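One-letter residues, chain by chain:
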2 protein chains.
Amino acid sequence: MAKSNDIDEKSQAVLQAASTVFLAHGFSAATTDMIQSKAGVSKATVYARYPNKEALFLAVIEHQCQAFDAQLQALAHLNSGIADTLESLGRAYLDVVLSPEALALFRVVVAEAHRFPQIGRTFYLRGPKVIHDHVQRILDTAAEKGELDLRSIGVAAATTLFLGMLRHEAQLECLTHPQAQPSEAQRDAWVHQAVVTLLRAYGSKT
Amino acid sequence: MAKSNDIDEKSQAVLQAASTVFLAHGFSAATTDMIQSKAGVSKATVYARYPNKEALFLAVIEHQCQAFDAQLQALAHLNSGIADTLESLGRAYLDVVLSPEALALFRVVVAEAHRFPQIGRTFYLRGPKVIHDHVQRILDTAAEKGELDLRSIGVAAATTLFLGMLRHEAQLECLTHPQAQPSEAQRDAWVHQAVVTLLRAYGSKT
DNA sequence: GTCTATATGAAGATAGAC
DNA sequence: GTCTATCTTCATATAGAC
């Protein structure tokens, strides 16, 4: 039992260390030495679990995408009017997207998507698609309740537009200015402007 | 004279080859051998111009950002009503942003911005900021003409929101699905939906 | 300045002892 | 399974001839 615990602990240490190293440096600049050393094991221990660097990288990305997905699934929000609902979910979502871990994952996925095509698709399905579906359900409910009139554009397109307004500038600034962290007030403003604009465009005049 | 022409030709060949290689593979996976070989010169010729790989990379990114900037400055558009103006500029801009070269530049800048902080800022100023200023002038003019009412949100924020709607989903899909190319109809739809939504939210009821 | 050839170091992966 | 030590390859950068 002690032995199998050791194995699990080492496996976890390897995956954890590999995640940190790959997300910090990208695939090519990361070295197996850095991973092995950070995990506190030898190279042979790493290669006993993964046949090569590529396989370890793929495992890391899969794992990080799953963790990202889980974070999005757990997002809570108020359940009041559509404005408050969108603002509270939008703000919680923005904090996830702008977290150092999520930004690092996005960076690496984008950088390596041409060499490892499946990671692009995996990331899309476990990130943007998850929040899209979540928001789309909210907009759908609001439309049924008469809070929104989305007949002219459709709920899917409205969801995409809202998420673009919510996320784009924030993510772009964080990706191109890695040292800067947007203030709370800035995040609130981004969310608020996106919600206000969606409602001005498609809110029912009650 | 022949000699100095040779030098210029080789310099250009080096920078051109380095651009192709760095944009295709990123900084770490690109090798000076690939660059030297593609340029048709020897390693010494490369190192006579740039002290090391980092300097060559920075020169490539600067050069590509300038080319990107020039492309954006040259964007033409109709000068009629605000809807047509935004649709024609938006579509031309989207084609630039979704071009393989622009996507590759974005990928590499995002991937390496933490190691070379200045390239993030340079890219932002020569890409997103340029189109932002351009669109902001258009919205400003439209507001003066009474076509838009941006008093509640401000022209800068409205510009940011519009560009987020226009660009975000398109860019995200292209970055995560490197093999796919959005159809003409898809691009038209993205642009149209962004314009329609902006006008529904802030168009004056004439 | 340019080329060929090479020095130097590093990184991925493995062999063999335990 | 794990570790130490090592093999091999390859990448950056330079030396020396022209």
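Residues numbered from 1 in each chain as written. Chains lettered and ligands numbered in written order. Predicted model: local features only at pLDDT ≥ 70, side-chain atom pairs only at ≥ 80, totals over all residues.

## Observations regarding helix α7 (residues 117-126) of chain A
Then step 1. Taken together, the buried positions of α7(A) are occupied by Ile119(A), Gly120(A), Thr122(A), Phe123(A), Tyr124(A) and Arg126(A).
Then step 2. Summarising the contacts, the buried residues of α7(A) are in contact with α4 (53-73), α6 (100-112) and α8 (128-144) of chain A together with α9 (155-176) of chain B. (Buried ≥ 20, exposed ≤ 12 C-beta atoms within 10 Å, placed from the backbone. Helix = DSSP H or I, 4+ residues; strand = E, 2+ residues; numbered from the N terminus. Contact = placed C-beta atoms within 7 Å.)

## Some points on the domain arrangement of chain A
All names here are of chain A.
Then step 1. Splitting chain A by domain gives domain 1 (2-49) and domain 2 (62-202).
Then step 2. With centres defined by C-alpha atoms, the gap from domain 1 to domain 2 works out at 32 Å.
Then step 3. Its residues assigned to classes, the side of domain 1 that touches domain 2 comprises five nonpolar, two polar and no charged. (Domains from an automatic or database assignment. Nonpolar A, V, L, I, M, F, W, Y, C, P; charged D, E, K, R; others polar.)

## With respect to the packing of helix α4 (residues 53-73) of chain B against helix α7 (residues 117-126) of chain B
Between two packed helices, the angle of one axis relative to the other and the distance separating the axes together describe the packing.
All names here are of chain B.
Then step 1. Packing of α4 against α7 leaves a shortest axis separation of 9 Å and a crossing angle of 10°. Regarding the angle of α4 to α7, the classification is roughly parallel. Handedness of the α4/α7 crossing: right-handed. Contact with α4, carried on its side by Ile61, Glu62, Cys65, Gln66, Phe68 and Asp69, involves Ile119, Thr122, Phe123 and Arg126 of α7 and no other residues of that element.
Then step 2. Taken together, the residues of the contact of α4 with α7 sort by class into five nonpolar, two polar and three charged. (Axes fitted to C-alpha atoms, helices over the stretch in contact; angles between N-to-C directions. Parallel < 35°, antiparallel > 145°, perpendicular 65-115°, else oblique. Left-handed = near helix turned anticlockwise from the far one by under 90°.)

## Some words on the relation of the copies chain B and chain A
Then step 1. Expressed as a screw operation, the relation of chain B to chain A combines 0.0 Å of axial shift with a rotation of 180°, fitting to an RMSD of 0.0 Å. The symmetry that links the two subunits is that of a two-fold axis. Minimal C-alpha separation from the rotation axis in chain B is found for Ala201(B), amounting to 2.0 Å.
Then step 2. Comparing interface residues between copies, 100% of those in chain B also lie at the interface in chain A; the contact surface is shared. (Least-squares fit on C-alpha atoms with pLDDT ≥ 70 in both.)

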